[in-house]
Amino acid sequence: MTGAGAAVRHVSCTLCEAMCGLEVTLGADGRVAGIRGDSADPLSRGHLCPKAFALPEIQDDPDRLRRPLVRGADGELHETTWDVAVTRAAELLAGVQREHGDDALAVYLGNPNVHSLGALTHHPTLVRLLRTRNRYSATSVDQLPHHVVAWALYGHQFLLPVPDIDRTDLLVLVGHNPMASNGSLWTVPDFPQRRRELASRGGRLVVLDPRRTETAKVADEHHFVRPGSDATVLLALVREVLASGRARPAPYVDGVEAVRVAVEPFTAELAERASGMPADAVRGLAAALLDARSAAVHGRMGVSTQGFGVVCQWAVQVLNALTGNLDRPGGTMFTTPAVDLVGRGLLSPGGFSRRRTRVRGLPGFAGELPVSALAEEMATPGAGQVRALLTIAGNPVSSTPAGHRLDEAVAALDAVVCVDMYLNETTRHADVVLPPTGPLERDHYDLVFHLLAVRDTARFSPALLPKDPGGRHDWQIARDLGIAYLAARAGRPRRPVARGSLLAQARLRTSPTRQLDLLLRTGGAGLSVRQLRAAGPGGLDLGPLRPRLPDRLRTPHRSVDLAASVAVDDLPRVLAAAGERGVDGGLLLVGRRHQRDNNSWLHNSAVLTKGRPRHALLANPGDLAARGISDGSRVRVASAAGAVEVEVTATEDVMPGVVSLPHGYGQSRPGVRLARASTLPGVSVNDLTDPGVTEAVSGNAVLNGVPVTLEAASP
Ligand SMILES: Nc1nc2c(c(=O)[nH]1)N[C@H]1C(S)=C(S)[C@@H](COP(=O)(O)OP(=O)(O)OC[C@H]3O[C@@H](n4cnc5c(=O)[nH]c(N)nc54)[C@H](O)[C@@H]3O)O[C@H]1N2
Ligand SMILES: Nc1nc2c(c(=O)[nH]1)N[C@H]1C(S)=C(S)[C@@H](COP(=O)(O)OP(=O)(O)OC[C@H]3O[C@@H](n4cnc5c(=O)[nH]c(N)nc54)[C@H](O)[C@@H]3O)O[C@H]1N2
Ligand code: SF4
Ligand SMILES: [Mo]
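Before going into details, it helps to say that this report is about the structure given with it. Since this is a predicted model, take the numbers as computed values, not measurements.

**A word on the overall build of the protein chain**
Part 1 of the reasoning: Counting its regular elements, the protein chain contains 24 helices and 30 strands.
Part 2 of the reasoning: Against the 2.2 N^0.38 benchmark of 27 Å for 715 residues, the protein chain shows a C-alpha radius of gyration of 25 Å, consistent with a compact globule.
Part 3 of the reasoning: Per-residue burial over the protein chain gives 61% buried out of 715 residues.
Part 4 of the reasoning: Across the protein chain, contacts joining residues at least 24 apart in sequence account for 75% of those joining residues at least 6 apart.
Part 5 of the reasoning: Summed over all atoms, the accessible surface of the protein chain reaches about 25,800 Å², with 52% contributed by carbon and sulfur.
Part 6 of the reasoning: Here the protein chain contributes 79 positive and 73 negative side-chain charges, whose respective centroids are spaced 5 Å apart.

Rendered as structure tokens:
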């Protein structure tokens, strides 16, 4: 019930890619009194998940930083004023660069940046000002292969087609668990209900995953696939589709013959030997894709963050194109967003850079380097060594491979500046912490996720709560840090402040909402923030996805060359690996996500941390019996990169030879300031993952299919 003085407001949830519309009741005291899904929202249709209740918890969390911290002579972090902290941060960063060169500063942008309007409008400008080529982000522990493939096939790294789930007849999900994650590179709020609607239309869901996931459990068909072997299955599917003579690529699709030659060795039998998925099931799935009135294949973390990410993502696109499902209702489609960052050239189209990482020579893509190289760039002496780090909304010690090594490397740096509202495993090393306002205190519009949504809508979400008067938004921190940095650099003799920096300063001074308004007004639909505010809860409904090809392509001739060399040239490596036998007695480690976890943060939430512990290693009972390990005991898991000890749970849900550990756990490192998390069990899976092994084409991290050994922990 809405009590006296209570108010009902509508906002977007910014915690995951589903961008649900929420209906929030504010009590007379101005605090959140209730949250439910906004049933008037044309995209999310009333859906919400338990994480939404963490939003007010973040707001009230006593451990959330509200004022900047600077490390004092006593080695401790102390609260100080914004002016002191921002000036100190700017001097530290500029100082290291003055002494050791521009590239001595590394920047890491974490995941929440893509969920924040102000981060998207302001951080690119800030990062450019810093003039370092040591730019890293969570992209290279996540979806980099998707970007490489989209760039190669469609001419822009953000031309990412999404499954048209509301109209499809056959949905195939590979290494993706939307029942827990609510969809990824695919904004699909209320996946559970949409899946039910698919069933009631007579449609089918097929899942390929080495674990019988929450999504596999609601699928019509699930196949275990040995980690890292999906490429053989996907290539065999392509081969079967071509062999059937029923391929029906659109007229703007070229290169089909070259693909046919390239996939020739990848038979269904080869796929069975490599993956464990029966050859008949592979052939059956190919036939189903051809027979379905419409079908959509989507692959995510499990096929992105593994040894053959680019080939897998390429094969997914090739399958959709060859079965005639690319760009048609019920297939995979492109969006028509109200703010079209792709069409207007506001996002880099992508592309490999000539400059590679200094130590190992990993490739650069779209102006960033793979974060798997970050620790060695810090720890390896020589010209160009990284000696300072700026993190914004990230926790690379928890979220990148061999985080324990990065932890040591960050501790040894000359300067660490973090823009974050928590002292996490990474920010605990900071010399200066600049904490932004919470997600309920700022205006929001999803610049990124409207690009990836299953329906075209445009929703402006005004700040729910007044901004903490002494707090600063992310964008204000970027503005102040950027301007202070330019001042700190100006002391440097040979390079005066460039004229371009005046433009940058002007941009930094323009609020995100004002920038959004300009983008809306100058976009084709001629909208404005005012119109979106007036549109009411849920914003504007711009309708179901519509065919956009070939016009939307950004390739030179508005055509798709399926035989993209980035992928085709890597096929011999897939073939070679398909013949390899695993190390005797070895297991392959994969990751997982839970509905009540959110990457490495939100471990301080009461709503999310309650319930059964979720940190355990999952293993097949047969693999435990073979090692004399009992269910529930503590085990030692070791990889080439490190070792951890953790409880094990026996379950037939993981395929033999596979173990599964969730990521984002292990907050027990000293200096992490999270009251609740310090008592949570669990270890960081990234103390096992190996930065030395990266995806060959993109340099993306290999987080799934990591070889490990398992033994009972010594008592
Ligand atoms: N082994 C393994 N590793 C993985 C994954 C996996 O599946 N397995 N998943 C990978 C994936 S997909 C991702 S996206 C990454 C995520 O890894 P990261 O992006 O490095 O980290 P997060 O865990 O998202 O931590 C986000 C931090 O941002 C802060 N934060 C939240 N909101 C804001 C804000 O508005 N402004 C600012 N300034 N800070 C904010 C939080 O306090 C938190 O400290 O992890 C990757 N790592
Ligand atoms: N509740 C919740 N939701 C989230 C997040 C969260 O932390 N919590 N994080 C958000 C983010 S940043 C992202 S990127 C998305 C990710 O969303 P998802 O892609 O759904 O991520 P995961 O749950 O890591 O799913 C990866 C699946 O791949 C499987 N897998 C591992 N190796 C292989 C393999 O070799 N082949 C195949 N076929 N499968 C494999 C794993 O068993 C697992 O089920 O979720 C987003 N949503
Ligand atoms: S599904 Fe994602 S966007 Fe929706 S309420 Fe949950 S966390 Fe928020
Ligand atoms: Mo992610």
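**Description of the sheet that holds strand S13 (residues 295-299)**
Part 1 of the reasoning: Strand order in the open sheet formed by four strands is S11-S10-S9-S13, with parallel pairing between adjacent strands. The open sheet is flanked by strand S11 (221-223) and S13, the only strands paired with a single partner. Recorded for the sheet is a direction-independent mean angle of 10° between the axes of neighbouring strands.
Part 2 of the reasoning: Its contacts with the sheet place helix H6 (residues 191-200) against strand S9 (170-174) and strand S10 (204-208), and it is angled at close to 125° to S10.

**Regarding the site of ligand 3**
Part 1 of the reasoning: Near ligand 3 you find Cys 13, Leu 15, Cys 16, Ala 18, Met 19, Cys 20, Leu 48, Cys 49, Lys 51, Ala 52 and Asn 182, and these make up its full shell.
Part 2 of the reasoning: The pocket occupied by ligand 3, as judged from atoms lying within 2 Å of grid points, is the second largest cavity.
Part 3 of the reasoning: Within the shell around ligand 3, the residues separate by chemical class into nine nonpolar, one polar and one charged.

**Focus on the packing of aromatic side chains**
Part 1 of the reasoning: Inspection of every chain in the model, using the stated rule, returns five aromatic pairs.
Part 2 of the reasoning: Members of the aromatic cluster, connected to one another through ring pairs, are Trp 151, Phe 352 and Phe 365.

**Observations concerning the sheet that holds strand S2 (residues 21-26)**
Part 1 of the reasoning: Read across the open sheet, the three strands follow the order S1-S2-S3; overall the sheet is antiparallel. Each edge of the open sheet carries a strand with a single partner, namely strand S1 (7-12) and strand S3 (32-37). The average undirected angle you get between the axes of adjacent strands in this sheet is 25°.
Part 2 of the reasoning: Inspection of the sheet shows S2 paired to S3 by five bridges, in the antiparallel sense. Looking at the pairing, Leu 26 lines up with Val 32 of S3.

**Topic: the site of ligand 2**
Part 1 of the reasoning: Taken together, the neighbourhood of ligand 2 is formed by 32 residues, with Asp 209, Gly 228, Asp 230, Asp 597 and Asn 599 sitting nearest.
Part 2 of the reasoning: Between Leu 208 and ligand 2, the recorded distance is 3.1 Å, taken from a backbone N or O atom to a nitrogen atom.
Part 3 of the reasoning: Here an oxygen atom of ligand 2 and a backbone polar atom of Asn 599 are 2.7 Å apart.
Part 4 of the reasoning: For the shell around ligand 2, the elements supplying multiple residues, two or more each, are helix H5 (178-181), helix H12 (301-304) and strand S25 (587-592).
Part 5 of the reasoning: For the shell around ligand 2, the per-class residue count stands at seven nonpolar, 16 polar and nine charged.

**Focus on unusual backbone geometry**
Part 1 of the reasoning: Residue Pro 550 is reached from Leu 549 by a cis peptide bond, and omega for that bond is 5°.
Part 2 of the reasoning: Here Pro 550 lies in the loop between strand S23 (540-544) and strand S24 (560-561).
Part 3 of the reasoning: The phi angle at Ala 402 is positive, at roughly 50°, despite the residue not being glycine.
Part 4 of the reasoning: Residue Ala 402 is classed as buried on the basis of its relative accessible area, which comes to 1%.

**Quick notes on helix H11 (residues 279-291)**
Part 1 of the reasoning: Compared with an ideal rise of 1.5 Å per residue, which puts 13 residues at 18 Å, H11 spans 18 Å between its outermost C-alpha atoms and is within 8% of the ideal.
Part 2 of the reasoning: What H11 keeps buried is the set Ala 279, Ala 281, Val 282, Leu 285, Ala 286, Leu 289 and Leu 290.

**So, the nonpolar core**
Part 1 of the reasoning: Counting 98 residues, the largest nonpolar core has Trp 314 and Leu 562 as the members making the most contacts within it.
Part 2 of the reasoning: For this core, the leading source of residues is helix H13 (residues 309-322), giving 10 residues.
Part 3 of the reasoning: Setting aside residues no more than four positions away along its own chain, Leu 562 makes contact with Leu 153, Val 253, Asp 254, Val 256, Val 259, Trp 314, Val 318, Ala 321 and Leu 322.
Part 4 of the reasoning: Counting 30 residues, the second-largest nonpolar core is a separate cluster that includes Ala 104, Leu 105, Ile 477 and Ala 488.

**As for the packing of helix H8 (residues 230-243) against helix H10 (residues 268-275)**
Part 1 of the reasoning: Packing of H8 against H10 leaves a shortest axis separation of 8 Å and a crossing angle of 170°. One element, H8, and the other, H10, form an angle in the roughly antiparallel class. Handedness of the crossing formed by H8 with H10: left-handed. Two secondary-structure elements touch here, H8 through Thr 232, Val 233, Ala 236 and Glu 240 and H10 through Ala 268, Leu 270, Ala 271, Ala 274 and Ser 275.
Part 2 of the reasoning: Among the residues forming the contact of H8 with H10, the class breakdown is six nonpolar, two polar and one charged.

**Comments concerning the pairing of strand S18 (residues 415-419)**
Part 1 of the reasoning: Of all the five residues making up S18, five are buried; the element is thus mostly covered by neighbouring parts of the structure.
Part 2 of the reasoning: Because side chains alternate across S18, one face comprises the buried residues Ala 415, Val 417 and Val 419, and the other comprises Val 416 and Cys 418, equally buried.
Part 3 of the reasoning: Here S18 pairs with strand S19 (residues 432-433) via two bridges, running parallel. Looking at the pairing, Val 417 lines up with Val 432 of S19.

**Thoughts on empty space enclosed by the protein**
Where empty space is left in the structure can be found by rolling a water-sized probe over the atoms.
Part 1 of the reasoning: In the structure shown here, the tally under the stated rule is seven cavities of 30 Å³ or more.
Part 2 of the reasoning: Looking at the largest cavity, its volume works out to about 120 Å³.
Part 3 of the reasoning: Residue lining of the largest cavity: 17 residues in total, with His 146, Leu 160, Pro 161, Gln 313 and Gln 317 positioned closest to the centre.
Part 4 of the reasoning: Only helix H4 (144-154), S13 and H13 provide two or more residues apiece to the lining of the largest cavity.
Part 5 of the reasoning: Classifying every residue of the lining of the largest cavity gives 10 nonpolar, seven polar and no charged.
Part 6 of the reasoning: Approximately 80 Å³ is the volume found for the second largest cavity.
Part 7 of the reasoning: Along the walls of the second largest cavity sit Cys 13, Leu 15, Cys 16, Ala 18, Met 19, Cys 20, His 47, Leu 48, Cys 49, Lys 51, Ala 52 and Asn 182, which together make up its complete lining.

**Observations regarding the side chain of Asp 38**
Part 1 of the reasoning: Its place among the elements puts Asp 38 in the loop between S3 and helix H1 (54-60).
Part 2 of the reasoning: As a buried residue without a salt bridge, Asp 38 has its nearest oppositely charged side chain in Arg 459, at a separation of 6.5 Å.
Part 3 of the reasoning: Among residues more than four places away in sequence, those in contact with Asp 38 are His 10, Gly 21, Leu 22, Glu 23, Ser 44, Arg 45, Gly 46, Pro 537 and Gly 538.

**A look at the packing of H8 against helix H22 (residues 571-579)**
Part 1 of the reasoning: H22 packs onto H8 with a crossing angle of 115° between their chain directions and a minimal axis gap of 10 Å. The way H8 lies across H22 gives a crossing that is left-handed. When H8 is examined against H22, the residues Ala 231, Thr 232 and Leu 235 are found in contact with a partner set consisting of Leu 571, Val 574 and Ala 578.

**Here we look at the environment of Ala 315**
Part 1 of the reasoning: Structurally, Ala 315 can be placed in helix H13.
Part 2 of the reasoning: As a C-alpha pair, Ala 315 and His 47 span 268 residues in sequence and 32 Å in three-dimensional space.
Part 3 of the reasoning: The contacts of Ala 315, once residues within four sequence positions are left out, are Leu 234, Leu 235 and Val 238.

**Notes on helix H18 (residues 500-509)**
Part 1 of the reasoning: Among all positions of H18, only Ser 501, Ala 504, Gln 505 and Leu 508 are buried. Buried residues in H18, looked at end-on, bunch into an arc of 100°, giving them a common side. Residues of H18 that are exposed and point over 90 degrees away from its buried face: Leu 502 and Leu 503.
Part 2 of the reasoning: Buried-residue contacts for H18 involve helix H3 (117-129) and helix H17 (474-490).

Basis of the calculations
Position numbers for residues count from 1 along each chain, tracking the sequence in the order it is written. Here every chain gets a letter starting at A, and every ligand a number starting at 1, in the order they are written. Where local features are concerned, this predicted model is filtered to residues with pLDDT of at least 70; where side-chain atom pairs are given and counted, the filter is 80 or more; whole-chain, interface and lining totals use all residues. Only hydrogens and water are set aside when side-chain values are computed; all heavy atoms of the structure are taken into account. We count a stretch as a helix when DSSP gives it H or I for four or more residues in a row; a strand needs E for two or more, and each element gets its number in order from the N terminus. Atoms counted for the radius of gyration: C-alpha only. Globule rule: 2.2 Å times residue count to the power 0.38. Burial here depends on accessible area, computed with a 1.4 Å probe over protein chains only, as a share of the maximum for the residue type. Under 20% is buried, over 50% is exposed, and the range in between is partly exposed. Note on contacts: a residue pair qualifies if any of its non-hydrogen atoms lie within 4.5 Å across the two residues. Note that accessible areas follow from Shrake-Rupley with a 1.4 Å probe, and for residues the cover is restricted to the protein chains shown. His is not counted, nor are the chain ends; Lys and Arg add positive charge and Asp and Glu add negative charge. By convention, charge coordinates are those of NZ in Lys, CZ in Arg, CG in Asp, or CD in Glu. When DSSP finds two or more bridges between a pair of strands, those strands are recorded as paired. Helix axes are fitted to C-alpha atoms over the stretch in contact, other axes to C-alpha atoms as well, and angles between N-to-C directions run from 0 to 180 degrees. Throughout, the term near means that a residue has one or more heavy atoms lying within 4 Å of the molecule or strand in question. Grid points spaced at 1 Å and placed over the protein atoms alone form the basis of the search, with a cavity being a set where a 1.4 Å probe fits but cannot get out and a pocket an open set showing protein on both sides within 12 Å along at least five of seven lines. Lining residues have an atom within 4 Å of a point. Those molecules having more than half of their atoms within 2 Å of a cavity or pocket grid point set are described as sitting in that cavity or pocket. Amino acids outside the nonpolar list (Ala, Val, Leu, Ile, Met, Phe, Trp, Tyr, Cys, Pro) and the charged list (Asp, Glu, Lys, Arg) are all regarded as polar, and Gly is one of them. Centres within 6.5 Å make a pair out of two Phe, Tyr or Trp rings, where for Trp the six-membered ring is used; the pair is then stacked when the planes are under 30 degrees apart, edge-to-face when over 60, and tilted otherwise. In protein, a polar contact means a hydrogen-donor-capable atom and an acceptor-capable atom, both N or O and within 3.5 Å, with residues adjacent in sequence counting only if both atoms are side-chain atoms; elsewhere, any N or O pair within 3.5 Å suffices. Here the expected length of a helix is defined as 1.5 Å per residue gap, with one fewer gap than residues. To define a nonpolar core, start from buried Ala, Val, Leu, Ile, Met, Phe, Trp, Tyr and Cys residues and group those joined through side-chain atoms within 4.5 Å. With respect to orientation, any angle under 35 degrees is reported as roughly parallel, any angle over 145 as roughly antiparallel, any angle of 65 to 115 as roughly perpendicular, and every other angle as oblique. Crossings are classed by handedness, with left-handed meaning an anticlockwise turn of the near helix from the far one by less than a right angle and right-handed meaning a clockwise turn. Grid points are joined across faces, edges and corners, and a volume is the space filled by probe spheres set on the points. Any carboxyl oxygen of Asp or Glu that lies within 4 Å of a side-chain nitrogen of Lys or Arg is treated as forming a salt bridge with it. To obtain the arc, one takes the directions from the helix axis to the C-beta atoms.

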